Amino acid sequence: MTDAMVSEIAQREAASLLPTYSRQQVEFVTGEGPWLVDAQGRRYLDFLSGLSVTALGHAHPEVAEAVATQARRLVHVSNLYYTAGQVELAERLKDLLGWPDGRAFFANSGAEANEAAIKLARRHGLAQRDGKVNVVSLEGSFHGRLLGPLLLTGNPAKHVPFQPLGEWVTHVPFDDPAALEAAVDEDTCAVWVEVVQGEGGVRPVPEAVLRAARAACDRVGALLVADEVQTGIGRLGAWFGWQTTGSRGAQDALEPDVVCLAKGLAGGLPIGAILAHGEAARAFRPGDHATTFGGGPVICAAALAVLGIIERDGLVDAAAKWGAALAESLDELIATHDLAAGRRGLGLLQALVLAEPLAAEVTAAALAEGLVVNNVVPDAVRLAPPLTIGRAEVDEAITRLSRALAHVANTIQTKEGASR
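Throughout, residues of each chain are indexed from 1 in the direction in which the sequence is written. Only residues with pLDDT of at least 70 get local features here, since the model is predicted, and only at 80 or more are side-chain atom pairs given and counted; chain-wide, interface and lining totals rely on the full set of residues. Each side-chain value is worked out from all heavy atoms of the structure, with water and hydrogens disregarded.

### Points about the sheet that holds strand S5 (residues 134-138)
- A pair of strands is considered paired only if DSSP assigns at least 2 bridges between the two. Think of it this way: any DSSP run of H or I at least four residues long counts as a helix, any run of E at least two long counts as a strand, and we number them from the N terminus. Taken in spatial order, the seven strands of this open sheet run S4-S12-S11-S10-S7-S5-S6, and their pairing is mixed. The outermost strands of the open sheet, each flanked by one partner alone, are strand S4 (103-107) and strand S6 (169-172). Averaged over all pairs of adjacent strands, the angle between their axes in this sheet comes to 20°, without regard to strand direction.
- The pairing of strand S11 (residues 258-261) with strand S12 (residues 272-276) spans four bridges and is antiparallel. Residue pairing across strands places Cys 260 opposite Ile 274, the latter belonging to S12.
- Of the strands in this sheet, S5, strand S7 (188-193) and strand S10 (223-227) touch helix H9 (residues 207-220), which is tilted by about 165° from S7. Axis lines are fitted to C-alpha atoms, over the contacting stretch for helices. Their N-to-C directions set the angle, which ranges from 0 to 180 degrees. By definition in these notes, contact holds between two residues if any of their heavy atoms fall within 4.5 Å.

### Description of helix H3 (residues 61-73)
- Between the first and last residue of a helix there are one fewer steps than residues, each counted as 1.5 Å, and that sum is the expected span. Here H3 spans 18 Å end to end across 13 residues, near enough to the 18 Å set by a 1.5 Å rise per residue.
- Buried-residue contacts for H3 involve helix H10 (297-312).

### Remarks on the side chain of Gln 230
- By secondary structure assignment, the location of Gln 230 is in the loop between S10 and S11.
- A residue is classified by how much of its surface remains accessible, and Gln 230, at 7% relative accessible area, is buried.
- Any pair of N or O atoms that falls within 3.5 Å is considered a polar contact. Within protein, one atom must be able to donate a hydrogen and the other to accept it, and sequence-neighbouring residues count only if both atoms are side-chain atoms. Here the side chain of Gln 230 touches Glu 199 through a polar contact of 3.3 Å, side chain to side chain.
- Within polar-contact distance, the side chain of Gln 230 engages the side chain of Arg 382 at 2.8 Å.
- Contact partners of Gln 230, with chain neighbours within four places excluded, come to Ser 52, Gly 198, Glu 199, Arg 235, Lys 263, Leu 349 and Arg 382. Residue exposure (1.4 Å probe, protein chains only): buried if accessible area is under 20% of the type maximum, exposed if over 50%, otherwise partly exposed.

### What to know about empty space enclosed by the protein
- The pocket and cavity definitions rest on a 1 Å grid over protein atoms only: a 1.4 Å probe that fits but cannot leave marks a cavity, an open set with protein on both sides within 12 Å along at least five of seven lines marks a pocket, and residues lining either have an atom within 4 Å of a point. Grid points are joined across faces, edges and corners, and a volume is the space filled by probe spheres set on the points. Enumeration over the complete set of coordinates arrives at three cavities of 30 Å³ or more.
- Lining the largest cavity we find His 76, Val 77, Ser 78, Asn 79, Thr 83, Gln 86, Thr 292, Phe 293, Gly 294, Gly 295, Gly 296 and Pro 297.
- Three classes are used: nonpolar for Ala, Val, Leu, Ile, Met, Phe, Trp, Tyr, Cys and Pro, charged for Asp, Glu, Lys and Arg, and polar for all others, with Gly counted as polar. Residue composition of the lining of the largest cavity, grouped by class: three nonpolar, nine polar and no charged.

### Things to note about the nonpolar core
- Of all hydrophobic cores here, the largest spans 81 residues; its most connected members are Phe 47, Leu 89, Ile 310, Leu 352 and Leu 354.
- With eleven residues, H10 is the single largest residue contributor to this core.
- Residues within four places of Leu 352 in sequence aside, it is in contact with Leu 330, Leu 333, Ile 334, Ala 340, Gly 342, Asp 379, Ala 380, Val 381, Leu 383, Leu 401 and Leu 405.
- In this structure, Leu 152, Trp 192, Leu 223 and Ala 262 belong to the second largest nonpolar core, which totals 29 residues. The nonpolar core is taken to be a set of buried Ala, Val, Leu, Ile, Met, Phe, Trp, Tyr and Cys residues, with the residues joined through side-chain atoms within 4.5 Å.

Shown next, in the form of structure tokens:
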């Protein structure tokens, strides 16, 4: 895309949209599989998946057909009436979670899923005693931009423009089990965790913290809520991130009471969901929560197609396989570039950690090389490719990322030489 074309669309946007995004300098117009195409016809390897959304890549023909077929039949009737797709999707997710007593609520985004879970947790807590409405969350976490999820988010800088948000959330270090245990008391209705903190820099939360959260919730009758918006639907090499915990698989995996889902569930269409089991599944009553669009027929058709394809094509196991291959390739990259200092992550959610806070520069250089990644935090670049990738895409991504690192390193050396 030429500079003139970028400038033209940027000017039009500035005159028409609220300035809530800092855009990368490209306009994508089509996509297929793991590839995106810009307005000039240049192809880019997408190793971000729309922030872990397009789990099957772009324009998957079976998902497109499911959406088109349902759109020709029925698009919307509101949640005042039964629709089979919503029930079928809830049943499917219950089965994948192994929760025969589970119940679902469908929304339109991850933030809405977390908002619904906040209300569920408060309802559950207040049924036990007055004042049981507080939540413990982790520093570095991200749970959405609505006011409730924003306060849950363990990033004070995001709170400042919108204060006061309330005082019902306590944030503790993401790697300190004792601090979490100490923060949970009889007024705690829930503890919020991510298995891997996506927006926090792709940081796996230590299992000791997760187990401390489970034990603390059991001690005071609180709910353990797993925010799986970014880690669910196969991305970590299991259907859900919490299933990667434990040494013996499902036998000792750290099971939450509620999971929040979104991103990868509907192939790019807007969806959010919470699944609750046990006492948590009985906390809501009719009228406690609602949505006009959540769980609509078209969205559920897309989600059912996505889940069916992931299962049929063995893409959960593929995410584990190619995630390990990607991690190995990143380790090799680290050995050859001084700017690359380490990596972290799980499955197909990985981060390349940099020796300096140059993630924005590396992301821009990667885009110039035709690779889509993002600067998730100042010193780390996030990679979250579709679950459908293979060896060729991993190798190509590493080649392009290597060139981007070299470009940034050479630019720094040139500037340092000129300043002497």
